[in-house]
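Each chain, written out:
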Amino acid sequence: MFFRSKSQPEASASAQGLAGGLVRVAMTVNGKAVSADVEPRTLLVHYLREHLRLTGTHVGCDTSQCGACVIHLNGKAVKSCTTLAVSCEGASVTTIEGLAQGGKLHPMQEAFREHHGLQCGFCTPGMIMAAVDIANRKGTQLDEATIRHELEGNLCRCTGYHNIVAAVKAGAAAMGGMRQAAE
Amino acid sequence: MATTASATGIGAPVRRKEDQRFITGKGQYTDDINRPGQTYAYFVRSPHAHANIKRIDTSAALKKPGCLAAFTGEDVARDKVGGLFCGWMITSKDGSPMKAGTHPVLALGKVRYVGDHVAMVVAETLAQAKDAAEAVSVDYEVLPAAADVATAQNPGQAQVQADAPGNTVYQWHLGDKAAVDSAFAGARHVTKIDLVNNRLIPNAIEPRAAIADYDSGTDSFTLHTTSQNPHVIRLALSAFIGIAPEHKLRVIAPDVGGGFGSKIFLYAEETACIWAAKKVGRPIKWTGERSEAFLADAHGRDHVTSAELAVDGSGQILAMRVKTKANLGAYLSTFASSVPTYLYAPLLSGQYNIPAIYCEVDGVYTNTAPVDAYRGAGRPEATFVVERLVEVAARQTGQDPAEFRRKNFIQSFPHQTPVIMMYDAGDYGACLDKALELADYRGFAARRATSENKGLKRGIGFSAYIEACGIAPSQAVGSLGAGVGLWESAEVRVNPTGSVEVLTGSHSHGQGHETTFAQLVSQRLGVPIEQVTVVHGDTDKVQFGMGTYGSRSGAVGMTAIYKAIDKVVVKARKVAGFVLEVPEETVAFNEGIFSSTATNKTLTFPEVALQAYIAHKFTGAQLEPGLKEGAFHDPTNFTFPSGVHICELEIDPETGKTRIDRWTAVDDFGTLINPMIVEGQVHGGVAQGVGQALLEGAHYDKKTGQLVTASFMDYAMPHADDLPSIQLAMSSTPCPSNPLGIKGCGEAGAIAAPAAVVNAITDALGHEDIAMPATPLAVWRAAQRSPARMAAE
């Protein structure tokens, strides 16, 4: 018989047992205060995808290699697949859904479209979040070698990276231009 | 077909319509979709390559919190759910049919590879499903494994499938053996090489996933799944697996995160989920983990080949002889049998005039994951054989490898090869000339000298590839054993306000169809590209289609759209005739405007669309209202994209590190719809080909059959800093067998690249003894050997 027999007590250890083990976590995601009761083992990526339904952040591997899950935690790129949600208590999280401001795309998003830096789009949110972080850390005038080296934490199977490199270079330059204009 | 200067028409590098959702995180991939009340599936997989299952005990799992059900192969068998199947019948040279063996959805009494599906556990949450799966107790009797294709047919090896003695699925051949033997007997020179085409794991970045739902109110099923061909999946689940009749089964492939072949096939997980959804009575979600993708996605390549080329005294190729053992894994995947046979040997003529070719292929079972189509599917394997043979033959006979190729190029078309294919158009010399110029071949000697002064070995390698795309003429593939036709369908629905919906049986998982197909409609109907929507991937919306693989969506899928547009224009001209009150035959349609020699009035396309729907200007007896047409297109020939890729690289003999210095590609894809997208396809293909040549290799332990390279930490995927920038150019001869002149571009890079890299490495090393992947260790070892070429040995 492949089903649980009806006479068995349903969820004797489950609902209640788990309820006891839940932990409340509060953080700011894309500018909004959010909180939830989660299992302590909940990863940030699953919290974002399952609890907040922010499904732009993707899971492409189980060894923290592919980078499809990259988000910004307090302004720095991290892999949300290797971050526990409970460790983000009080933190500020930005996901791909929060990158565009006031209906206007971030220059890195624009650059990925303009330079055909994506094909299937699955690695793209992580790529863009990582690329913004590269420009933040390495400056907005990036050479090809730097970009290729800095993308070591992100895998793309479609583009061969050629156009991603072009997009990151142009996107970073546009970020620099915007900052200059703002100053 | 003439191209246009239009900013959104054919030939324009239009920025992709689909990108908005992908760059803002609004894509809808299968795992992004949730159904009310959904449960989660997790699979118990075999840790052994080969074992008898003595007993499976799921009782402890069923007691775990949240666990709803645990299914084994016996449960599936009890419901008479059919086994997975292979859709292409290969006949051995002795006339016997291939030995397909068994392929249960969940293992029945035996497991045959590490990762084989033993049980499926369904629970309230994914974590609970995993916890319960750990409590499934399986009693295995471990058996010896046959994990190596080179030795699996030897006496005494473990028997993978009872139906296939000696693990031989088929012994197939193609070509004229007597003609080849006689040509070799009279040859001045014979070049012989032994090659391994290394096994690859496709690794689309989105893992496979499924959500299966059963609606008892309508007795119907819905499956969201990561598929390149949802209609084929529906047909298979319906007609072969017996889940439900097609009209009670909806398959939706939403945004799909890359496929490269691996998402063509019907797999055990998706099948088990849709079967179990009715039994559980709630939706079941399964999302593969990367480790599961490594273990149980169909792998690619894995050939062991010996090949010979006969050349006369003037450097003309006389004949080719090839013998290949192809690993098919433990079970025959959906199209596995066709890949090393009809998608392989018919490409062995390459771009060359070769009077006689004979190829023998043994399809071999091993205790490894099933092997099926991966980007290029057979054609990269063929090109690797041809281009390594030609390169080595040129070196051994003291000829320049570029000129040796040119001397043997096919010059006139159509050209019938000795291995089935009738090449229709091409100009191989033009591609070569352009590539030599862009790569500055003349300057190579100076660059090599500069490298030598730095202690580095510089090499240059060519790959003049051909592929057969636009898969495929249905009757032709049927005569070769295919179980289906390979036409494509399209429907063009014009709305009353003149916007257009295109329904296509093609499926985009990165190729940009929402843009390129809209470009075709925009150009033909004069409709702004924003007014065109492309609908694909849903069997409830699109009537039928064969999906996307083998670079068929342009040549076959777009031709179906082209034909449907033809019908729309015919009908619209009738409508315009009534509205303009002129004879229909005087009505012309150009760039979105209907005009007539009989009046100076004109109508725009949206005006005619509206008139077609309000139907005030004609009676029902004169004309049917509405503007919607469909077409099926069955191609009359394959298409034959070709090109020349040149790889120039530097090797550090102290470290074995290979650095690709420049990559030049000149491709002939016929008409380009969107050059930006075409270039992107070449970039990606080259990356996968360079990956195969330098980095990637699936490795099974020969004794235990354990997959040693089962994660991104152990399997070297190409990263951004492993790859060069790519210099691309096009050289076009339009394809004569479709009205747009499209040949296809999806596989070109993956087909061309491995031979180019290995030819460059062997050129740098001065000998031919290196296997793929040419990792730093392998290259370092090879660099320690004498630099004498084989010719001097």
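This one's a predicted model, so the numbers in the text were calculated from it and none came from an experiment. (Residues numbered from 1 in each chain as written. Chains lettered and ligands numbered in written order. Predicted model: local features only at pLDDT ≥ 70, side-chain atom pairs only at ≥ 80, totals over all residues.)

Trainee: It is not clear to me how the overall build of chain A should be interpreted in this structure. Could you clarify?
Mentor: For chain A, the count of helices and strands is 6 helices and 5 strands. In chain A, buried positions account for 51% of the 183 residues. (Helix = DSSP H or I, 4+ residues; strand = E, 2+ residues; numbered from the N terminus. Buried ≥ 20, exposed ≤ 12 C-beta atoms within 10 Å, placed from the backbone.)

Trainee: How should the overall build of chain B be read in this particular structure?
Mentor: A tally of regular secondary structure across chain B gives 19 helices and 28 strands. Against the globule reference of 28 Å for 793 residues, chain B gives a C-alpha radius of gyration of 27 Å, in line with a compact fold. Taking the principal axes of the C-alpha coordinates as reference, chain B spans close to 85 × 70 × 50 Å. Per-residue burial for chain B yields a buried fraction of 61% across its 793 residues. The contacts in chain B between residues at least 6 apart in sequence include a share of 79% that link residues at least 24 apart. (Rg over C-alpha atoms; globule rule 2.2 N^0.38 Å. Contact = placed C-beta atoms within 7 Å.)

Trainee: Got a minute to help me understand the pairing of strand β22 (residues 587–590) of chain B in this structure?
Mentor: In regular strands, side chains alternate between the two faces of the sheet. All names here are of chain B. The alternating pattern of β22 places Val587 and Phe589 on a buried face and Ala588 and Asn590 on a face that is not buried. Bridge count for β22 against strand β23 (residues 593–596) is 4 bridges, and the pairing is antiparallel. Note that in β23 the partner of Asn590 across the bridge is Ile593. (Pairing = 2+ DSSP bridges.)

Trainee: Looking at this structure, I do not really get the sheet that holds strand β2 (residues 32–38) of chain A. What am I missing?
Mentor: All names here are of chain A. Taking strand neighbours across the sheet as the criterion, the 5 strands line up as β2-β1-β5-β3-β4 in an open arrangement whose pairing is mixed. Here the strands that pair on one side only, and so sit at the sheet edges, are β2 and β4 (76–79). When strand polarity is set aside, the average angle formed by the axes of neighbouring strands in this sheet is 40°. Here strand β1 (residues 23–29) runs beside strand β5 (residues 92–94); their pairing, made up of 2 bridges, is parallel. The residue of β5 that forms the bridge with Thr28 is Ser92. Contacts from helix α4 (residues 124–138) reach β3 (70–73) and β4 within the one sheet, and its direction differs from that of β3 by about 45°. (Axes fitted to C-alpha atoms, helices over the stretch in contact; angles between N-to-C directions.)

Trainee: What should I look at first to understand the nonpolar core in this one?
Mentor: It is characteristic of soluble globular proteins that their nonpolar side chains tend to be buried jointly. All names here are of chain B. One finds Val121, Val122, Leu348 and Ile561 to be the most contacted residues of the largest nonpolar core, which totals 321 residues. With 15 residues, the single largest contributor to this core is helix α15 (residues 553–580). Residues in contact with Val121, not counting those within four places in the same chain, are Ala41, Tyr42, Val44, Ala61, Cys67, Ala70, Ala129, Ala132, Ala133 and Val136. (Core = buried A, V, L, I, M, F, W, Y, C linked by C-beta atoms within 7 Å.)

Trainee: So what exactly am I meant to see when it comes to unusual backbone geometry here?
Mentor: All names here are of chain B. Here the bond from Ile471 into Ala472 is cis, since omega is -5°, no more than 30 degrees from zero. As for its position among the elements, Ala472 is in the loop between β18 (457–466) and α13 (474–479). The omega angle of the peptide bond from Met772 to Pro773 is -5°, so this bond is cis rather than trans. Looking at where Pro773 falls in the secondary structure, it is placed in the loop between α18 (748–765) and α19 (776–784). The backbone phi angle of Asp440 is positive, close to 50°, even though this residue is not glycine. In this fold, Asp440 is placed in the loop between α11 (428–438) and α12 (444–453). Judged by C-beta crowding, with 14 C-beta atoms within 10 Å, Asp440 ranks as partly exposed. Positioned with a positive phi, Ala615 is a non-glycine residue whose angle comes to about 55°. Tracing the backbone shows Ala615 in the loop between α16 (605–614) and β25 (628–633).

Trainee: I would appreciate a short explanation of the interface of chain B and chain A in the present structure.
Mentor: When the parts of a complex come together, some accessible area is lost, and that lost area is often used as the size of the interface. Residue-level contacts link 53 residues of chain B with 51 residues of chain A. Put simply, the parts of the chain that give the side of chain B that touches chain A at least two residues each are α1 (19–23), β3 (67–72), α8 (290–296) and α17 (675–695) of chain B. In terms of residue count, α17 of chain B provides more of the side of chain B that touches chain A than any other element does, 7 residues in total. Of the residues contributing to the side of chain B that touches chain A, the split by class is 24 nonpolar, 17 polar and 12 charged. (Nonpolar A, V, L, I, M, F, W, Y, C, P; charged D, E, K, R; others polar.)

Trainee: Can you walk me through the confidence of the model for chain B in this structure?
Mentor: Should the pLDDT be low somewhere, the predicted coordinates at that spot are not to be read in detail. Residues and elements named next belong to chain B. Summing up the model confidence of chain B, the mean pLDDT is 96 and the portion of residues at 70 or higher is 98%. Within the model, pLDDT remains below 50 along residues 1–5, and this stretch shows 10 contacts once partners closer than five positions in the same chain are excluded. Confidence drops under a pLDDT of 50 for residues 788–793, and excluding neighbours within four residues, the segment shows 12 contacts in the predicted structure. The complex model carries a pTM of 0.96, and its ipTM stands at 0.96. (pLDDT = per-residue confidence, 0-100.)

Trainee: In this structure, what is going on with the domain arrangement of chain B? I would like to understand it.
Mentor: Residues and elements named next belong to chain B. Domains assigned within chain B are domain 1 (33–85 + 95–143 + 209–261 + 263–296), domain 2 (303–472 + 637–792) and domain 3 (487–633). Averaged C-alpha coordinates put domain 1 and domain 3 at centres separated by 40 Å. Contact residues are listed per partner, giving 18 residues for domain 1 and 14 residues for domain 3. Those elements that place two or more of their residues in the side of domain 1 that touches domain 3 are α6 (230–241) and β11 (249–252). (Domains from an automatic or database assignment.)

Trainee: Is there a simple way to explain helix α9 (residues 379–396) of chain B in this structure?
Mentor: Side chains of residues three or four places apart in an α-helix project in the same direction, reflecting 3.6 residues per turn. Residues and elements named next belong to chain B. Taking 1.5 Å as the rise per residue, α9 with 18 residues should run 26 Å; its terminal C-alpha atoms sit 25 Å apart, in good agreement. Judged by how many residues are buried, α9 sits mostly within the fold: 17 of 18 residues are covered. Gly398 sits one or two positions beyond α9 and adopts a positive phi of about 70°. (Expected span 1.5 Å × (residues − 1).)

Trainee: Looking at this model, I keep getting lost on the sheet that holds strand β26 (residues 642–652) of chain B. Mind explaining?
Mentor: Each strand in a sheet pairs with its neighbour through backbone hydrogen bonds, running either in the same direction (parallel) or in the opposite one (antiparallel). Residue and element names in this part refer to chain B. Reading across from one edge, β18-β26-β27-β28 is the order of the 4 strands in this open sheet, with mixed pairing throughout. Looking at the sheet topology across the chains shown, the edges are occupied by β18 and β28 (726–730). The average angle at which neighbouring strand axes cross in this sheet is 15°, direction not considered. Pairing geometry for strand β27 (residues 657–668) and β28, over 5 bridges, is parallel. In the strand pairing of β28, Trp663 is matched with Ile726. Along the sheet, α12 contacts β18 and β26; its crossing angle with β18, the most-contacted strand, is approximately 140°.

Trainee: Whenever I open this one, helix α7 (residues 268–280) of chain B confuses me. Can you help?
Mentor: Residues and elements named next belong to chain B. Compared with an ideal rise of 1.5 Å per residue, which puts 13 residues at 18 Å, α7 spans 18 Å between its outermost C-alpha atoms and is within 8% of the ideal. Burial of α7 is extensive: 10 of the 13 residues sit out of reach of the surface. Buried within α7 we find Ala268, Glu269, Glu270, Thr271, Ala272, Cys273, Ile274, Trp275, Ala276 and Ala277. Directly beyond the C-terminal end of α7, a positive phi value near 80° is found at Gly281.

Trainee: How do you make sense of the environment of Gly766 of chain B when you look at a structure like this?
Mentor: Residue and element names in this part refer to chain B. Tracing the sequence through the fold places Gly766 in the loop between α18 and α19. For Gly766, a count of 18 C-beta atoms within 10 Å gives the class partly exposed. Between the alpha carbons of Gly766 and Val419 there is a distance of 33 Å; along the sequence they are 347 residues apart.

Trainee: When you look at the pairing of β3 of chain A in this model, what are you seeing that I'm missing?
Mentor: Residues and elements named next belong to chain A. Of the pairings in the sheet, the one linking β3 to β4 comprises 4 bridges and is antiparallel in character. When the bridges of β4 are listed, Val70 appears paired with Lys79. Linkage of β3 to β4, two consecutive antiparallel strands, is achieved through a turn of 2 residues, within which Asn74 is found at a positive phi near 50°. Sheet topology note: the β3/β5 ladder contains 2 bridges and is antiparallel. Considered in β5, the bridge of His72 is made with Thr94.

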